[in-house]
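Each chain, letter by letter, is given below.
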Amino acid sequence: YIAAGKVRFEEVPVAKGTIHTAFFSPDAADRRTAIVMAHGLGAGLAFFYKNYTSLVTSSPHPVIAFDWLGMGRSSRPPFPQHPPNPVPDVLAFFTDSLEEWRAALGIERMILIGHSLGGYLAAIYALQRPSRVAALILSSPVGLPIPEA
């Protein structure tokens, strides 16, 4: 898809900067439900490059990937070195920007696919905003406890 020029890139503005976004189904008129790919720490949307073609050709939903703030080609906004509430502040930094991005694109519900840190943040987002997640697919998510037997 990338080599064939079937991808459209856009910088989507959010409060803390811009989120680099790739639309792998740029002609999809209906974005109410979209497959959204969330990469892990220090990666970018290219992490999933081998998956895009099969997702686009096998799903009726548009496929969209983004770079988290501070990663890939997204903005690098300042982040406090020692926030007063580190875990809630860091989670809000990422999940609030994902919510702003979703709203800016007019996506009602996401089939959210997250890898590594992207999986953890996708799970937190789904817990915070269950009405916005049609399905959650986690690939090697970090930070999630292993259930006891």
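Before reading on, note that the structure itself is shown above.
Fair warning: this is a prediction, and the values are worked out from it, not measured in the lab.

(A) Layout of the nonpolar core. Ranked by internal contacts, the top residues of the largest apolar core, which has 29 residues, are V36, F66, W68, W101, I107 and L112. Put simply, the parts of the chain that give this core at least two residues each are β1 (8–14), β2 (17–23), β3 (33–38), β4 (63–66), α2 (86–105), β5 (109–115) and α3 (117–128). For this core, the element with the highest residue contribution is α3, accounting for seven residues. If we ignore the near neighbours within four places in the chain, the residues touching V36 are I64, F66, W101, I107, M110, I111, L112 and I113. In terms of nonpolar packing, the next biggest core, distinct from the first, is built from 14 residues, A22, F48, A65 and I111 among them.

(B) A look at α2. For α2, spanning 20 residues, the distance from its first C-alpha to its last is 29 Å, which sits close to the expected 28 Å at 1.5 Å a residue. Where α2 is concerned, the buried positions are L91, F93, F94, T95, S97, L98, E99, W101, R102 and L105. Where α2 is buried, its residues contact β1, β2, β3, β4, β5 and α3. Residue G106 follows α2 closely and has a positive phi angle near 75°.

(C) Inspection of the side chain of R129 at higher detail. Relative to the elements of secondary structure, R129 occurs in the loop between α3 and β6 (133–139). Of the polar contacts made by the side chain of R129, one reaches the side chain of D96; its length is 3.2 Å. R129 has contacts with T95, D96 and E99, leaving out every residue within four places of it along the chain.

(D) How the structure looks around unusual backbone geometry. Despite not being glycine, S116 has its phi angle at roughly 55°, a positive value. Tracing the backbone through its elements, the reader meets S116 in the loop between β5 and α3. Positive phi, normally seen in glycine, also occurs at S140, with a value near 50°. Along the chain, the position of S140 falls in the segment after β6.

(E) Up close: the packing of aromatic side chains. With the rule as written, the count across this model stands at seven aromatic pairs. For the pair F66 and W68, a centre-to-centre distance of 4.8 Å together with 80° between the ring planes defines the contact as edge-to-face. According to the relative accessible area criterion, F66 is buried, its value standing at 1%. Between W68 and F94, the aromatic rings sit 5.8 Å apart at their centres with planes inclined by 90°, giving edge-to-face as the arrangement. Of the two residues, W68 sits in the loop between β4 and α2 while F94 sits in helix α2, which places them 26 residues apart along the sequence. Here W68 falls in the buried class, since its relative accessible area comes to 1%. For F94, a relative accessible area of 11% corresponds to the buried category.

The rules we used
- Residues numbered from 1 in each chain as written.
- Predicted model: local features only at pLDDT ≥ 70, side-chain atom pairs only at ≥ 80, totals over all residues.
- Heavy atoms only, no water.
- Core = buried A, V, L, I, M, F, W, Y, C linked by side-chain atoms within 4.5 Å.
- Buried < 20%, exposed > 50% of the residue type's maximum accessible area, 1.4 Å probe, protein only.
- Helix = DSSP H or I, 4+ residues; strand = E, 2+ residues; numbered from the N terminus.
- Contact = heavy atoms within 4.5 Å.
- Expected span 1.5 Å × (residues − 1).
- Polar contact = N/O pair within 3.5 Å; in protein donor to acceptor, adjacent residues only side chain to side chain.
- Phe/Tyr/Trp six-rings, centres within 6.5 Å; stacked < 30°, edge-to-face > 60°.

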